[in-house]
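Remarks on the overall topology
The primary structure of each chain is shown beneath.
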Amino acid sequence: MNIKRMPGFTRRFFLKSSAAVFAGAFTGSFVMHEANAVAFKEFHLRAGRSPITLVPAPAGATNAWCFNGSVPGPEIRVRQGERIRVNVKNGLNEETTVHWHGMRVPNAMDGVPHLTQAPIRSGGTFTYEFDALDAGTFWYHPHQRSFEQVGRGLYGPLIVEEPNPIRVDRDLTWVLDDWRLTKGGQISEDFGNLHDMSHNGRIGNTVTINGQVPDTLYVRRGERIRLRLINAANARIFGIDFGTHKPVIVAIDGQPVAPHIPEDGLLVLGPAMRMDVVIDMVGDVNQRYSLTDPFYQGLEYRLVDLVYADTPLRNRIPDWDMQLSANPLPEPDLNDAERHEVTFNGGMMGGMVMQEMGGSMGHEPMGAMGSMRGMMHSGKIWFINGVAAEGHIMEPMLTLRHGQSHIISMTNATAWHHPIHFHGHSFRVISRNGNPTAHKEWQDTVLMVPKERVEIAFVADNPGDWMFHCHILEHQTAGMMGVIRVNQSGERT
Ligand code: C2O
Ligand code: CU
């Protein structure tokens, strides 16, 4: 446990950053920081209950929990290298925090209750401040009871602009979500039920883009759009089929990647993942084209229609460069990396619960099979290296030497998909089932299919205790999370 070092850090932090700030702290305004003349952009978020218009009339308002009264919460948009300050006020009736998903922030700013900060009590406030090291598409959400807080609408986009962005006609952000609504258009109250927790999480019945049931995106022939997709759903994996259109992936989880078209044509985003795609509007004037999502068999649906205006914007496809410049990530040295094994177990398998009770982490992980009743009794359903976490207070499952390259070899021994997220770092996905990946993509959340083995590599350059967990929020709360410690010695302390 390391909460003991938190209060000191927090106190110093506040002393430094509140030294002498000019008056006039407006949302998104530049404020001069007198001590060292560093400018920062300041934002205000208030988590609270609010009615929102999610489904079109005649349905009435949906009672959500959200930031500043809207779903998604306000877009935080800064330039790479800028400093961000966010004042968070908790207007909920329970504790909360805000985590800056994918941002490589100092540990004390990571927003994990008990691990990196005391939770923000109801009515309380907390100020986050950090630098936007990497350009790209990120997002923010609470880390306290996130299966319910995120599930009720607490999240928002965080966009860090490149100093030299690629040329496009329009830059759009789509925050995708999936809601389980009642017939009356209210959020179904069955959060954290045993079935969702032991299967594929809380899959809903209503998909939204930017908090609206989507209908139409108006486009023009010849137009080039950069679309930033953010999957803010608790559990739904999106697999978007663009039909006639060919999206080119230019960034994954905020990090640039060699521009490429997805292999099987589907753009697949696990929960918490982001993708920046460049789409050329090659359709005909006055035509309508549907984007569909066939990811779950039997649950295919039409996501949205692209509707073309009657005049083209231009008559040929632009030949502008799509390659984004790399972010300042430390390159892992694969020849000098320390290796670690991580195995995920648990969940339902053939009507039985797979329970990994011991700490076996061999190459052929076999969990003991238990009964549904046993699982209900313990509440522990998912295991990382044999351990099911309860809450955010735990001993680290791995301790990594600071400044060293590491390879984590992960085995999904379950029958389910898991988007695995590591805080405070981005990692390269170097292999899947022993085959090197084509793009060695940098990610912060990697979707593992059932039985898959995935290797990730990174330099542990950010000291502190960091969460490592499944981003299907029902899996996370039912045990599928751990802590990875990065420290000077690499010793367990
Ligand atoms: Cu998006 Cu640990 O979180
Ligand atoms: Cu999972």
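Structure report, in brief. Just so it is clear, the model here is predicted, and its values are computed rather than measured.

When its secondary structure is counted, the protein chain shows 5 helices and 35 strands. When each of the 493 residues of the protein chain is scored for burial, the buried share is 59%. Restricting the contact set of the protein chain to residue pairs at least 6 apart, pairs at least 24 apart contribute 75%. Carbon together with sulfur atoms contributes 53% to the accessible area of the protein chain, which is approximately 19500 Å² in total.

The next point concerns the coordination of the copper ion (ligand 2). Distances from the copper ion (ligand 2) to its protein donors, His 418 (ND1), Cys 470 (SG) and His 475 (ND1), fall within 2.0 to 2.1 Å. On the primary sequence, the residues serving as donors to the copper ion (ligand 2) are separated as H-x51-C-x4-H. On the criterion of sequence distance, the pair formed by His 418 in strand S28 (residues 418-422) and His 475 in helix H5 (residues 473-477) is long-range, its members being 57 residues apart. A relative accessible area of 0% means that His 475 is categorised as buried.

Let's shift gears to the layout of surface pockets. Of the voids in this model, the largest pocket is the one considered here, and its volume is about 700 Å³. As for the largest pocket, its lining consists of 24 residues, of which Glu 263, Val 268, Met 275, Arg 432 and Glu 441 are closest to the centre. Contributions of two or more residues to the lining of the largest pocket are made by strand S15 (248-252) and strand S17 (266-269). Ranked by the residues each element gives to the lining of the largest pocket, the list is headed by S17, at 3 residues. Its residues assigned to classes, the lining of the largest pocket shows 14 nonpolar, 5 polar and 5 charged. In terms of lining, the second largest pocket is formed by 15 residues, of which the most central are Ile 384, Val 387, Glu 395, Pro 396 and Met 397. Among the residues making up the lining of the second largest pocket, the classes are represented as 10 nonpolar, 3 polar and 2 charged.

Take the sheet that holds strand S4 (residues 76-79) next. Strands sit in the order S4-S9-S8-S6 across an open sheet of 4 strands; the sheet is mixed. Single-partner strands in this sheet number two, and they are S4 and strand S6 (99-101). Averaged over neighbouring strand pairs, the angle between their axes works out to 25° when direction is ignored. Two strands pair when backbone bridges link them, and S4 and strand S9 (residues 156-161) are joined in this way by 4 bridges, in the parallel orientation. Counted as the bridge partner of Arg 77 is Ile 159 from S9.

Our next topic: the nonpolar core. Ranked by size, the top nonpolar core spans 68 residues in total, and within it Trp 174, Met 410 and Phe 468 carry the most contacts. With 4 residues, strand S20 (residues 301-308) is the single largest residue contributor to this core. In this view, Trp 174 contacts Ile 209, Asn 210, Leu 217, Leu 227, Arg 228, Leu 229, Ile 230, Leu 291, Leu 303 and Val 304; residues no more than four positions away in its chain are not counted. If you look at the next biggest cluster of nonpolar residues, it comprises 28 residues, including Val 88, Val 105, Ile 120 and Phe 138.

Judged by pairing direction, the sheet is mixed, and its 6 strands sit side by side in the order S11-S10-S13-S18-S15-S16 without closing on themselves. For this open sheet the edge positions go to strand S11 (206-209) and strand S16 (255-260), each flanked by a neighbour on one side alone. Mean inter-strand twist for the sheet, computed between neighbouring axes without regard to direction, equals 25°. Where S15 and strand S18 (residues 274-280) come together, 4 bridges link them in antiparallel fashion. Across the sheet, residue Ile 249 finds its bridge partner in S18, namely Val 277.

Right, let's talk about the pairing of strand S32 (residues 445-448) for a bit. Consecutive residues of a regular strand have side chains that alternate between opposite faces of the sheet. Residues Thr 445 and Leu 447 line one face of S32 and the alternating positions Val 446 and Met 448 line the opposite face, and both faces are buried. Judged from the 4 bridges that link them, S28 and S32 form a sheet pairing that is antiparallel. Pairing of Ile 420 across the sheet is with Val 446, part of S32.

As a further point, take the packing of aromatic side chains. By the definition in use, this model includes 11 aromatic pairs. Centroid distance Phe 422 to Phe 458: 5.2 Å. Interplanar angle 55°. Geometry classified as tilted. On the criterion of sequence distance, the pair formed by Phe 422 in strand S28 and Phe 458 in strand S33 (residues 453-459) is long-range, its members being 36 residues apart. For Phe 422, a relative accessible area of 1% puts it in the buried group.

Applying the stated rule across the entire model yields 38 salt bridges. Note that Asp 276 and Arg 228 form a salt bridge whose closest N and O atoms lie 3.5 Å from each other. One end of the pair, Asp 276, is in strand S18; the other, Arg 228, is in strand S13 (residues 224-231), with 48 residues separating them in the sequence. Summarising the burial analysis for this pair, Asp 276 and Arg 228 share the class buried. Shared partners join several salt bridges into a network, and the residues in it are Glu 75, Arg 77, Arg 79, Glu 161, Glu 162, Asp 171, Arg 226, Arg 228 and Asp 276.

What counts, and at which threshold
- Residues numbered from 1 in each chain as written.
- Chains lettered and ligands numbered in written order.
- Predicted model: local features only at pLDDT ≥ 70, side-chain atom pairs only at ≥ 80, totals over all residues.
- Heavy atoms only, no water.
- Helix = DSSP H or I, 4+ residues; strand = E, 2+ residues; numbered from the N terminus.
- Buried < 20%, exposed > 50% of the residue type's maximum accessible area, 1.4 Å probe, protein only.
- Contact = heavy atoms within 4.5 Å.
- Areas by Shrake-Rupley, 256 points an atom, 1.4 Å probe, with all protein chains shown as cover.
- Donors = N, O, S within 2.8 Å, 3.2 Å for Na, K, Ca; no water.
- 1 Å grid on protein atoms, 1.4 Å probe; cavity = no way out; pocket = protein on both sides within 12 Å on 5 of 7 lines; lining within 4 Å.
- Points joined across faces, edges and corners; volume = space filled by probe spheres on them.
- Nonpolar A, V, L, I, M, F, W, Y, C, P; charged D, E, K, R; others polar.
- Pairing = 2+ DSSP bridges.
- Axes fitted to C-alpha atoms, helices over the stretch in contact; angles between N-to-C directions.
- Core = buried A, V, L, I, M, F, W, Y, C linked by side-chain atoms within 4.5 Å.
- Phe/Tyr/Trp six-rings, centres within 6.5 Å; stacked < 30°, edge-to-face > 60°.
- Salt bridge = Lys/Arg side-chain N within 4 Å of Asp/Glu carboxyl O.

Note that every value here comes from positions in space, so none of it alone points to a role or purpose.
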